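Here is how the chains run, residue by residue.
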Amino acid sequence: MPVILDTDIGDDIDDTWALAMLLGMPQLDLKLVVTDYGNTPERTRLVAKILQRAGRTDIPIGTGIKTRGDPLNQARWVGEFDLGAYPGKVHADGVAALIDTVRAQSGIVTLIAIGPVPNLKEALRRDPGIAAKARIVCTGGRIYKGFENRGKPPADWNVRADAASWQAMVAAPWTITTSPLDASEELVLRGESYAAVAASDHPLARIVIENYNLWAHRRNHPQDASSILYDTAAVYLAYSEEYALVQTRNLAVNDEGHTLVAPNGREVRCQLGWKDRQSFDAFLVKTLTESPGAKRFAQPELVREVLNGKRQEARVSWWGFDPADSTAHLQEAIHSGAKRLILDRQPSAWVTRPLTGASGQELVFEAGCELAALQGAFRAKGDCLLSFRECENVIVRGDPGKPALLRMRKRDYQSAAYEKSEWRHGLVFSGCRNVLVQDLAIEQTGGDGIYLGAAPKQVPCRQVTIRRVDCNGNHRQGISVISAEGLLIEDCRLRHTDGTAPKAGIDFEPNHPADVLVNCVVRRCVAESNAGTGYQICPQFLNSASRPISIHLDRCVSRGNRQHAIHLCSAPKDPPAGRLRITGFLAEDDGMAGLSVQFNPHNAVRIELEDSIFRDCARKDSFFPPLYVQGLEADSRPAGNLHFKNVTVKDDRDRRILKIRDRKGCGVKAITGEIILERQNRRETIAIDDAWLETMRE
């Protein structure tokens, strides 16, 4: 589950416990830590030192809005830590980093807010739309405790420190879950629970205990217990509510920072108590003392050489291998800076949660290697196996002799246990440049085998090659092309797609008029046994102002698909221009038309068919013949712009080989060339002219 932590770490020690807990939870994928309120630059230094000690410098940090310059209560532990030498990414504008990170995720992001929230107020001011892309899980408020006595004791610190920011957060249209002081003020580790953390050699436990012992307020708490760990509740609630008592209340935040139950207030999910505190304590202790995410590396000296730039090639197993969940090892290796990273074959699969790729890296899968989705993970609707966002110079490849397998768990995602989604893809490239993917098998994804999309501001993927990839049994498409320029897909198999429409082998389908399908070549590919179409071109969101499309299907095969072999469905109201070239194509035994063209006017996309064969298409279909043209229904222009050269239709049924459906009576225009018809051992050359076309009208 992708999460962002917004924290005022460095004052009360509970933020440090919460961050360490989050780093120890494989169930949550921490995308960004943003420091908030007070002396945010110093808070950033503290976060950076914690991440470096935990071996998680792959997690970006953002410096949020500075409201004061007070020193931190953990200044002794931070010491003279040099942020300038920190190897990870630090964003000076933490609010912008938060917005960009939310926007970069295909699904809902969880914002864990464990302090005052001026960052969130400013993020909403800059981009109100992020509220549709995120949910809030926070620590703050007093719901019942204190309010029966005219608002005394005072309001919770997180709210009253900046009541206006909390009011803005509560007013935004996202789902909010909060852990108020009603339940979180009980959270103290005592006895064996605290002793287990204090005695542990685990890096996360050491980070927590060292900070606690040097904390300015340590003397005010017992030696054998923690302070109140308010913020750990929010981290837990971001993952699960099994041990918590959560109820919905209508809340209003007044100018003094009180969270009041009010009939006209905002609906907020509030943790009002615990169902099982002992189990929560055990869960917290386990994340800090047993979690695999921050265990020492399997080959620490080799890892250190990679991180110091002394080695350009590395093996993921140097970071470690866990047959149950290797996410942390994989992610740390990917973000290590290694130019060539080998995913070495292990006795079992590399099991993982969602991963993010890096620029300038060749990721090599050894022969027979398998990367498998962790069962029970990928809960967010847009969780993908491996995602590259605005990366460049990327290679992902297997062995030509024995391609590596990337495997997800489609049946799980299709079950009632998961929220329905069509975006749990295998490989995702958004706004990437100079990409090579080859010699892989991608199976059983909850979306597409490969997804090529745009980055923010509609930046397309550019110069992408996909070669010798087998996309098998995926949920939505073998390959989806949303926005690409300079794309080559060759020698690929696209088969057995079945789940949610369109269920195609390859689908070219932009989402925005500024998306592009330019210089796209599909060569020597086979689309077979898909529940939808073999090759689908649907520029329905492009228009006449979009860049003209240019797609070439060269020597491709469509076989046994339940729908069309090739289907072009343009924009009914304002179709784009461009060119679809089809050469050396073979369609055989597809359930519907060999070529279906809808809503393409005579002066829009030029469709050229050359040296192609359509055999036994729509053999059992009562509506579609081998070739199908449907006219426009929101435009008076004639349909058409189809040009045939050495095209053979092999069809033994006594029927029209072309069906023209023209319900508005606009006619057809610019359909030219010849079609060779082979029927019942007879061969006939049909010259396409107006008279013949008239006989093909429905």
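Residues numbered from 1 in each chain as written. Predicted model: local features only at pLDDT ≥ 70, side-chain atom pairs only at ≥ 80, totals over all residues. Heavy atoms only, no water.

Colleague: Can you lay out the overall build of the protein chain for me, pointing to particular residues and giving the numbers?
Modeller: In terms of helices and strands, the protein chain carries 16 helices and 42 strands. Compactness check: the protein chain gives a C-alpha radius of gyration of 29 Å against a globular reference of 26 Å for 698 residues, within 12% of the reference. Buried residues in the protein chain amount to 59% of all 698 residues. A separation threshold of at least 6 residues defines the contact pool for the protein chain, and within that pool the share at least 24 residues apart is 79%. By element, 46% of the accessible surface of the protein chain is carried by carbon and sulfur atoms, the whole surface being about 26,800 Å². Charged side chains of the protein chain number 89 positive and 88 negative; the gap between the two group centres comes to 1 Å. (Helix = DSSP H or I, 4+ residues; strand = E, 2+ residues; numbered from the N terminus. Rg over C-alpha atoms; globule rule 2.2 N^0.38 Å. Buried < 20%, exposed > 50% of the residue type's maximum accessible area, 1.4 Å probe, protein only. Contact = heavy atoms within 4.5 Å. Areas by Shrake-Rupley, 256 points an atom, 1.4 Å probe, with all protein chains shown as cover. Lys, Arg positive; Asp, Glu negative; His and termini not counted. Charge placed at Lys NZ, Arg CZ, Asp CG, Glu CD.)

Colleague: Describe the sheet that holds strand β1 (residues 2–7), listing the residues and the values that go with them.
Modeller: If you trace the 10 strands from one edge of the open sheet to the other, you get β4-β3-β2-β1-β5-β6-β7-β10-β8-β9, paired in mixed fashion. Looking along the sheet, the strands with just one partner apiece sit at the ends: β4 (90–91) and β9 (259–261). The sheet contact formed by β1 and strand β2 (residues 29–35) spans six bridges and is parallel. Following the sheet pairing, I4 is matched in β2 by L32. (Pairing = 2+ DSSP bridges.)

Colleague: Please give an account of the packing of helix α1 (residues 14–23) against helix α12 (residues 277–289) that cites residues and values.
Modeller: The interhelical angle for the contact between α1 and α12, taken along N-to-C directions, is 75 degrees, at an axis separation of 8 Å. As summarised for this structure, α1 and α12 are arranged roughly perpendicular, according to the angle between their axes. Between α1, through W17, A20 and M21, and α12, the contact on the second element is made entirely by F280, F283, L284, T287 and L288. Looking at the contact of α1 with α12, its residues break down into seven nonpolar, one polar and no charged. (Axes fitted to C-alpha atoms, helices over the stretch in contact; angles between N-to-C directions. Parallel < 35°, antiparallel > 145°, perpendicular 65-115°, else oblique. Nonpolar A, V, L, I, M, F, W, Y, C, P; charged D, E, K, R; others polar.)

Colleague: Lay out the environment of A314 with the relevant residues and their values.
Modeller: Tracing the backbone shows A314 in strand β11 (residues 313–315). Sequence separation between A314 and S279 is 35 residues; the distance between their C-alpha atoms is 40 Å. When sequence neighbours within four positions are dropped, the list of residues in contact with A314 reads V306, W319, A338, R340, L341 and I342.

Colleague: Any chance you could break down the pattern of salt bridges for me, citing the residues and the numbers?
Modeller: Inspection of the entire model under this criterion finds 54 salt bridges. The shortest N-O distance in the salt bridge between E122 and R126 comes to 2.8 Å. Here E122 pairs with R126, and both are found in helix α5 (residues 118–126), just four residues apart, close to one helical turn. Linking E698 and R661 is a salt bridge whose minimum nitrogen-to-oxygen distance equals 3.3 Å. Highlighted residues: E698 in the segment after α16 (690–695) and R661 in strand β40 (residues 658–661), separated in sequence by 37 residues. A cluster of three or more residues bridged by salt bridges with shared partners is formed by R467, E490, D491, R523, R524, D554 and R555. (Salt bridge = Lys/Arg side-chain N within 4 Å of Asp/Glu carboxyl O.)

Colleague: For the nonpolar core, give the residues involved together with the corresponding values.
Modeller: Ranked by internal contacts, the top residues of the largest apolar core, which has 104 residues, are F365, F429, I450, I466, I489, F508 and Y535. Formed by 58 residues, the second largest nonpolar core is a distinct cluster that contains I61, W77, V137 and A238. (Core = buried A, V, L, I, M, F, W, Y, C linked by side-chain atoms within 4.5 Å.)

Colleague: Give me the sheet that holds strand β27 (residues 504–508): which residues, what numbers.
Modeller: In space, the 11 strands of this open sheet follow the order β14-β17-β20-β22-β24-β27-β30-β33-β36-β38-β40, with parallel pairing throughout. The sheet is open, and its two borders are formed by β14 (355–356) and β40, each paired with just one other strand. As paired elements, strand β17 (residues 386–389) and strand β20 (residues 427–430) share four bridges and run parallel to each other. If you follow R389 over to β20, its bridge partner there is S430.

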